[in-house]
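So you can see what is in the structure, the chains are spelled out below.
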Amino acid sequence: RISRDALKGLLECTENFCVSKHWLPDSFVDNVYKQYAHEDGIMLEDFQRLEKDGLLLEGKLNEYEEAFAAVDVKGTGLITRECLGKLFAALGRVMSPEELDRIFDEADLDHDGIDFSDFLGLARTHLELRE
């Protein structure tokens, strides 16, 4: 059985990579857990369905790293609000300043700019990155 806390770790990591801070919003983990868990946790068949549904990072991490590097044009390790707006526009999702502010503020967990950990959370909730 997989508990909610164990699920959070599985969703945030791959076999070869795990950032040092939690980056997924609790609401995202709660929704996934609610969708796949039974009363006593997530069983093997539920986990297999979760994997099939594409909720694990495996195979997507390179895609996220490339997208982050493309947006982090100054190479500072942080994405600005302006660069995030350009990313969304390039993906065909032009946003109002208010919507962009809301998404940026939600993603910027440390309030220091969107670093790669923050970006992974943002990608989970707002970006469709496909090969």
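Here, the structure is the one placed above.
Residues numbered from 1 in each chain as written. Predicted model: local features only at pLDDT ≥ 70, side-chain atom pairs only at ≥ 80, totals over all residues. Heavy atoms only, no water.

Regarding the packing of helix 1 (residues 4-12) against helix 2 (residues 26-36)
Two elements in contact, helix 1 and helix 2, have axes whose closest approach is 10 Å; the angle formed by their N-to-C orientations is 110°. Compared by their axis directions, helix 1 and helix 2 come out roughly perpendicular. The interaxial crossing formed by helix 1 with helix 2 has right-handed handedness. In this structure, helix 1 uses Arg4, Leu7, Lys8 and Leu11 to contact helix 2, whose residues at the interface are Asp26, Phe28, Val29, Asp30, Val32 and Tyr33. (Axes fitted to C-alpha atoms, helices over the stretch in contact; angles between N-to-C directions. Helix = DSSP H or I, 4+ residues; strand = E, 2+ residues; numbered from the N terminus. Parallel < 35°, antiparallel > 145°, perpendicular 65-115°, else oblique. Left-handed = near helix turned anticlockwise from the far one by under 90°. Contact = heavy atoms within 4.5 Å.)

Looking at the nonpolar core
In terms of nonpolar packing, the biggest core is built from 21 residues, with Ile79, Leu84, Phe88, Ile114, Phe116, Phe119 and Leu122 touching the most fellow members. Among the elements of the structure, helix 4 (61-71), helix 5 (81-90), helix 6 (97-107) and helix 7 (116-126) are those that each provide at least two residues to this core. Judged by nonpolar contacts, the second largest core, of 13 residues, contains Leu24, Val29, Tyr36 and Leu55. (Core = buried A, V, L, I, M, F, W, Y, C linked by side-chain atoms within 4.5 Å. Buried < 20%, exposed > 50% of the residue type's maximum accessible area, 1.4 Å probe, protein only.)

So, the pattern of salt bridges
Going through the model one piece at a time under the given rule, you end up with eight salt bridges. A salt bridge links aspartate 101 to arginine 81, with the nearest nitrogen and oxygen atoms 3.1 Å apart. Residue aspartate 101 is found in helix 6, and its partner arginine 81 is found in helix 5; the two are separated by 20 residues along the sequence. Among the ionic pairs, glutamate 82 bridges to lysine 86, the shortest N-O distance being 3.4 Å. Separated by four residues within a single helix, glutamate 82 and lysine 86 lie in helix 5, roughly one turn from each other. Look at glutamate 82 and you get exposed, because its relative accessible area is 55%. (Salt bridge = Lys/Arg side-chain N within 4 Å of Asp/Glu carboxyl O.)

A short note on helix 5
Those residues of helix 5 that fall on the buried side of the exposure criterion are Cys83, Leu84, Leu87 and Phe88. Taken around the axis of helix 5, the buried residues stretch over an arc of 140°, which confines them to a single face. Among the exposed residues of helix 5, those oriented more than 90 degrees off its buried face are Glu82, Lys86 and Ala90. Close packing links the buried residues of helix 5 with helix 4, helix 6 and helix 7. Phi for glycine 92, located one or two positions after helix 5, is positive at around 85°. (Arc of directions from axis to C-beta.)

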